[in-house]
Amino acid sequence: QVQLVESGGGLVQPGGSLRLSCTASGSILSLNTMAWYRQAPGKQRELVAAVTTGGSRNYADSVKGRFTISRDAAKNTVNLQMNSLKPEDTADYYCNVLARAQGAIFPKNYWGQGTQVTVSS
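The following paragraphs examine the structure supplied in this document.

Thresholds, definitions, all that
- Residues numbered from 1 in each chain as written.
- Predicted model: local features only at pLDDT ≥ 70, side-chain atom pairs only at ≥ 80, totals over all residues.
- Heavy atoms only, no water.
- Helix = DSSP H or I, 4+ residues; strand = E, 2+ residues; numbered from the N terminus.
- Rg over C-alpha atoms; globule rule 2.2 N^0.38 Å.
- Contact = heavy atoms within 4.5 Å.
- Areas by Shrake-Rupley, 256 points an atom, 1.4 Å probe, with all protein chains shown as cover.
- Lys, Arg positive; Asp, Glu negative; His and termini not counted.
- Charge placed at Lys NZ, Arg CZ, Asp CG, Glu CD.
- Core = buried A, V, L, I, M, F, W, Y, C linked by side-chain atoms within 4.5 Å.
- Buried < 20%, exposed > 50% of the residue type's maximum accessible area, 1.4 Å probe, protein only.
- Disulfide = S-S within 2.5 Å.
- Phe/Tyr/Trp six-rings, centres within 6.5 Å; stacked < 30°, edge-to-face > 60°.
- Lys NZ or Arg CZ within 6 Å of the ring centre and 35° of its normal.
- Pairing = 2+ DSSP bridges.

A closer look at the overall build of the chain
Then, number 1: In terms of regular secondary structure, the chain is built from zero helices and eleven strands.
Then, number 2: Walking the chain from its N terminus toward its C terminus, one meets helices and strands in the order β-β-β-β-β-β-β-β-β-β-β.
Then, number 3: Over its C-alpha trace the chain gives a radius of gyration of 14 Å, about what one expects of a compact globule, namely 14 Å for 121 residues.
Then, number 4: A principal-axis box enclosing the C-alpha atoms of the chain has dimensions of 50 × 25 × 25 Å.
Then, number 5: The contacts in the chain between residues at least 6 apart in sequence include a share of 56% that link residues at least 24 apart.
Then, number 6: Summed over its atoms, the accessible surface of the chain is roughly 6,600 Å², and 46% of this surface lies on carbon and sulfur atoms.
Then, number 7: If the 12 positive side-chain charges of the chain are averaged to one point and the 7 negative ones to another, these points end up 6 Å apart.

Overview of the nonpolar core
Then, number 1: W36, L80, M82 and Y93 are the most contacted members of the largest nonpolar core, which totals 32 residues.
Then, number 2: Within the residue set of this core, elements represented by two or more residues are β1 (2–7), β3 (18–26), β4 (28–39), β5 (46–51), β7 (67–72), β8 (77–82), β9 (91–101) and β11 (115–119).
Then, number 3: Looking at this core, the element that brings in the most residues is β9, giving six residues.

Overview of the state of the cysteines
Then, number 1: Applying the stated criterion across every chain yields a total of one disulfide.
Then, number 2: A disulfide bridge connects C22 with C95, and the sulfur atoms are separated by 2.1 Å. Around the S-S axis, the bridge from C22 to C95 shows a dihedral of about -85 degrees and counts as left-handed. A residue pair is termed long-range when its members are at least 10 positions apart, and C22 in strand β3 and C95 in strand β9 qualify at 73 residues. A single burial state applies to C22 and to C95, both of which are buried.

Considerations on the packing of aromatic side chains
Then, number 1: If you walk through the whole model with that rule in mind, you get one aromatic pair.
Then, number 2: Seen from the ring of Y94, R45 lies directly overhead, with NZ or CZ sitting 3.9 Å from the centre.
Then, number 3: Seen from the ring of W111, R45 lies directly overhead, with NZ or CZ sitting 4.8 Å from the centre.

Some remarks on the pairing of β9
Then, number 1: With eight of eleven residues buried, β9 lies mostly within the body of the structure.
Then, number 2: Bridge count for β9 against β11 is three bridges, and the pairing is antiparallel. Each bridged residue has a counterpart across the sheet, and for A91 the counterpart in β11 is V117.
Then, number 3: Hairpin geometry of β9 and strand β10 (residues 108–111) is characterised by an intervening segment of six residues between the two adjacent antiparallel strands and by a positive phi of about 90 degrees at G103.

Here is the structure:
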């Protein structure tokens, strides 16, 4: 099994910054795409940013130029640097990792518990 531990959420004023971190642990055989999703109350979950093992990155149009996703393969960690935060960024943010655990035949998606980000004056 693979466990994901998230940190970095909190309350911030508009225009401020936060950095989210997610570390995967457990019996990991391989780690593939790592991503961040978010879900606001009453809305569907959406992809915010993703990064592949090859270093390719993609972002939701709403966060391009403001958010940066990065990964540290040696530490099995993915980060999301969020700058110029807006009230509409308020949501629960979830780490998602495509990984194959030791002993498993197929890779599968793993989800973190979620961390709350609130952007408000």
